[in-house]
Amino acid sequence: MIYDMKPDDIAGIYQATTLHLFCGISRRVFYSDIETPFPDGKLIVSITDREGIITHVNKAFVEMSGYTDEELLGSPHSILRHPDMPAFAFKELWDTVSVGGRWQGYVKNLRKDGGYYWVKATVIPNIRDGKIVSYTSIRRKPSRAKVEECIEIYRRLSAA
Amino acid sequence: MLYQFAVSPDFSPNFLPGWYVFNTWLQKQTKQNFHLEIYQSFQAQQEALSRQEIDLMYASAFDAAMLVRENGFLPVVKAEGFSDEAVIVASAENPINEIIGLSAGTKVAITANPDVYMMGMIMLESADLSANNIQFVNCDTYVTVAKQLLRAQADVGFFLAEAYDAFSDTIKSKLKVLVRSQISLIHHCLIVGSNLTHQRAELQKILLGMAQNEKGRSALKSLGFSSWVSVDDENMAFMIDVMNALAS
């Protein structure tokens, strides 16, 4: 399940908007300008089922997202969707991995407290006996220069 | 039949006698003959693998993934509580204290360990460094990597964290860790080749029970381990997925 964000959870000054998620549902989100830097040396790892519902998270995921394990497990991965991310990026992701490909890109993720963090994400299908059974997403610390490039590209794509 | 047992060349030299102790223990428990071969380099090990000379192997994550995926090896066990991590290290006298301070042209001392190389390169990525804009200084061993740093012939070096941590305090006092990986998903693994796959379950049972008696615990201690835990096909498939994702 995915719920609207709660103003009480948000830190600092924030804006509000409603996101129309890929899975056909809407979510009210609150977001601030507070960035949490990706920690050196760590990886965020999660597994989703074929519908994008989170089935496994590691400790770094919990720490960086601000959600508890219980809140993340069973939620769609779009619980992290930030309004600055163009829908196009996620369509491309699903179009790629659902046919067995690997997707890689720079993603701005939304934290439970309304802040954000940038990642370099790699998503791969987990193929067993020739069939896609789930997806693994691994996020690492991104290059700052690449993030600056993406901020500009995503701004233009979102405005288009 | 005499089976060939190999140990990944990146183990700490402190545990060399321990692997012979383990091999003796294993032969007694299984009533099988194993010949322990310690290869001096990844290249020598690779040549033995290509000649299909290895039946049982304590393999690095990279080798385990490759051998399971491409050569029909099967995973058996891994050491409990151990994962393969890398550290990027500089001389203590180097004014740079974090990865972000490194720039294009940095000289990086590396060994042939593919796991450590992969993890090290991931950690350099945040500083916009890649194989295209750094210089590699190839070394045979981690001791040589440390020497390159101390002689200022390299700016940073990649080490298996376990190997770096095993250095003496004197050497470590002349070096400093810029970053340490905390990946926790990649690990060495004991794997069996085609000649031994039929004995996988029996081997696994014996090894999982190793910590339950005094001689077994003593042999484990000589390797720096407390016990083995099983690695099933799905565990290995997940590690291979992770490594595939990280390799890009």
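Overview of the structure. In this text, all values refer to a predicted model and were calculated from it rather than measured experimentally. Every chain is numbered on its own, with residues counted from 1 as its sequence reads. Following the order in which they are written, the chains are lettered starting with A and the ligands numbered starting with 1. Note on the predicted model: pLDDT of at least 70 is required for a residue's local features to be given, and 80 or more for side-chain atom pairs to be given and counted; whole-chain, interface and lining totals, by contrast, use all residues. To get the side-chain values, all heavy atoms of the structure are used, and hydrogens and water are removed first.

Moving on, we get to the pairing of strand β6 (residues 107-110) of chain B. Residues and elements named next belong to chain B. Any two strands are treated as partners once DSSP identifies two or more bridges connecting them. For helices the rule is a DSSP run of H or I covering at least 4 residues; for strands it is a run of E covering at least 2, with both sets numbered from the N terminus onward. For β6 and strand β7 (residues 135-138), the ladder comprises four bridges, and the chain directions are parallel. Bridge pairing links Ala109 to Val137 in β7. Here a crossover is taken to be right-handed if, once the strands point away from the viewer, the path from the first strand over the helix to the second is traced clockwise. Once the chain exits β6 it traverses helix α4 (residues 114-125) before rejoining the sheet at β7, and the crossover so formed is right-handed. As defined by bridge partners, β6 adjoins strand β8 (residues 156-160) across two bridges and the pair is classed as parallel. Paired with Ala109 across the two strands is Gly157, which belongs to β8.

Our next topic: the packing of helix α3 (residues 61-71) of chain B against helix α10 (residues 233-247) of chain B. Angle between the axes and distance between the axes: these two values describe a pair of packed helices. Residues and elements named next belong to chain B. Running from N to C, α3 and α10 cross one another at 115°; their axes reach a closest spacing of 10 Å. Relative to α10, the element α3 is oriented roughly perpendicular. As for the relative orientation of α3 and α10, their crossing is left-handed in sense. Counting all contacts with α3, which are made through Ala61, Phe62, Ala64, Ala65, Val68 and Arg69, the residues of α10 involved are Met236, Met239, Ile240, Met243 and Asn244. All residues other than Ala, Val, Leu, Ile, Met, Phe, Trp, Tyr, Cys, Pro, Asp, Glu, Lys and Arg, Gly among them, are scored as polar; the first ten of these are nonpolar and the last four charged. Grouping the constituent residues of the contact of α3 with α10 by class yields nine nonpolar, one polar and one charged. All axes here are fitted lines through C-alpha atoms, helices being fitted over the stretch that makes contact, and every angle between N-to-C directions spans 0 to 180 degrees. For classification, angles of less than 35 degrees are called roughly parallel, those exceeding 145 degrees roughly antiparallel, those between 65 and 115 degrees roughly perpendicular, and all remaining angles oblique. In a left-handed crossing the near helix is turned counterclockwise from the far helix by less than a right angle, and in a right-handed crossing that turn is clockwise. Contacts: residue pairs with any heavy atoms within 4.5 Å of one another.

All names here are of chain B. Assignment of secondary structure puts Glu85 in the loop between β4 (74-79) and β5 (86-91). One buried charged residue, Glu85, remains without a salt bridge, the closest side chain of opposite sign being Arg180 at 8.0 Å. For the purposes of these results, a polar contact is taken to be a pair of N or O atoms within 3.5 Å, where, inside protein, one atom must be able to donate a hydrogen and its partner to accept one; residues adjacent in sequence count only when each atom of the pair is a side-chain atom. Within the local environment of Glu85, its side chain forms a polar contact with the side chain of Ser83, the two groups lying 3.0 Å apart. Of the polar contacts made by the side chain of Glu85, one reaches the backbone nitrogen of Ser184; its length is 2.7 Å. Those residues within four positions of Glu85 in sequence are excluded, and the remaining contacts are Met119, Phe159, Leu160, Ala161, Ser181, Gln182, Ile183 and Ser184. Think of it in three bands: with a 1.4 Å probe and only protein chains considered, a residue is buried below 20% of the maximum accessible area for its type, exposed above 50%, and partly exposed in between. When charges are counted, Lys and Arg contribute as positive and Asp and Glu as negative, whereas His and the chain ends are disregarded. Criterion for a salt bridge: a side-chain nitrogen of Lys or Arg within 4 Å of a carboxyl oxygen of Asp or Glu.

With antiparallel pairing, five strands are arranged side by side in an open sheet as β4-β3-β7-β6-β5 (chain A). Strands at the two margins of the open sheet, each flanked by one partner only, are β4 (54-57) and β5 (103-110) of chain A. Within the sheet, the average angular offset between the axes of one strand and its neighbour, ignoring direction, is 30°. Sheet topology note: the strand β3 (residues 44-48) of chain A/β4(A) ladder contains three bridges and is antiparallel. Looking at β4(A), one finds that Ile47(A) is bridged to His56(A). Across the sheet, helix α3 (residues 87-97) of chain A lies against β5, β6 (116-128) and β7 (131-140) of chain A, angled at about 140° from β5(A), the strand it touches most. Together, β3, β5, β6 and β7 of chain A form the strand contacts of α10(B), whose direction differs from that of β6(A) by roughly 130°.

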